[in-house]
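Chain residues, written in single-letter form:
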Amino acid sequence: MDASEIARLIGDLDTQAIPAVERALRDGESPVDLLQQGVIRGLEIVGQKFESGDYFLPELMTGGKITETCIALINPHLPRDGSATLGVVVIGAVQGDFHDLGYSLVAKQLELAGFEVHQLGVDVPPLTFIDQAQEFNADIIGLSAFLITTIPKCKVLIDYLRDMGLRDRFRVIIGGGQTSQDVADQMGADGWAPNAVEAVRLCRNLMEQRRAAASA
Ligand code: B12
């Protein structure tokens, strides 16, 4: 069973995807490939069928649930880089947004890369992000938003930080299906990434800049 077959099963909302992932892991398939080319690709197919009107909300939810279980099976097998803490990140989905698969993957990849990560959950109000970032002495605040109605919450948080005199204390990064580098630039965020792998690269770069600025 290879990754593309798992993508097809998830795209068809077939729960056989779950034992298929277990078998593929036992057979020594690459967990990274299973995640990227299998599970995430499968959910993309679900999203496309939702967009084209072949699937409706219940199907979207089923696809999300199957994916969540598959990700939980794969996560413990993902490779880990080093053990030092590269920096502290608080991350979650902004107020009004319940899409948690995207930021959970980012959180997991950051942890595997050596960041200390605090997941704040979904539907997180801007002031809770700020409060938790202060509590954990975070370097980076990660905001996930998937809906055109929730993306503006990222800007609300950035404005609050500025008004509270805290803008320089935290780097703010955004991500999620409907976001882009342009959106991030327009709202004055410090970065954007299209996926979890790029998010790790972005956070590493931001921490390097931070250390360089501190030692200048
Ligand atoms: C699964 C899903 C759901 C599931 C979510 C399950 C869950 N546990 O998360 C459920 C069924 C709950 C759901 C609900 C809704 N959804 Co929905 N959903 C999706 C779907 C199919 C996939 C989203 C997803 O999780 N993808 C998987 C992740 C892993 O993929 P990804 O985006 O590539 O993630 C990467 C990046 O985004 C990035 N990233 C993510 N977060 C962050 C954060 C940071 C800081 C960084 C740097 C990077 C980063 O890294 C991730 C990992 O690589 C999308 C369509 C799509 N193709 O995107 C619609 C979609 C996002 N949903 C949509 C809609 C409309 C809704 C509902 C309003 C439907 C309804 N009528 O009720 C509700 C809203 C609920 C709410 N208030 O949040 C629309 C949004 C349209 C818009 N323009 O606003 C979409 C685009 C579908 C569509 N084409 O119409 N949804």
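See the structure printed just above.
A brief structural summary. (Residues numbered from 1 in each chain as written. Predicted model: local features only at pLDDT ≥ 70, side-chain atom pairs only at ≥ 80, totals over all residues. Heavy atoms only, no water.)

**Some remarks on the pattern of salt bridges**
Next up, step 1: According to the stated counting rule, one finds 11 salt bridges in the structure shown.
Next up, step 2: Note that D12 is salt-bridged to R8, the shortest N-O span being 2.9 Å.
Next up, step 3: R8 sits in the partly exposed class, given a relative accessible area of 39%.
Next up, step 4: D159 serves as the salt-bridge partner of K155, at 2.9 Å between the closest nitrogen and oxygen. Within this pair, K155 and its partner D159 are both found in helix α7 (residues 152-163), separated by four residues, close to a single helical turn. (Salt bridge = Lys/Arg side-chain N within 4 Å of Asp/Glu carboxyl O. Buried < 20%, exposed > 50% of the residue type's maximum accessible area, 1.4 Å probe, protein only. Helix = DSSP H or I, 4+ residues; strand = E, 2+ residues; numbered from the N terminus.)

**Considerations on the pairing of strand β4 (residues 171-175)**
Next up, step 1: Extensive coverage of β4 is indicated by the burial of five of its five residues.
Next up, step 2: Here five bridges tie strand β3 (residues 140-144) to β4, and the two strands are oriented parallel to one another. Among the inter-strand pairings, S144 is bridged to a residue of β4, identified as G175.
Next up, step 3: The handedness of the β3 to β4 crossover, carried by α7, is right-handed. (Pairing = 2+ DSSP bridges. Right-handed = clockwise from strand over helix to strand, strands pointing away.)

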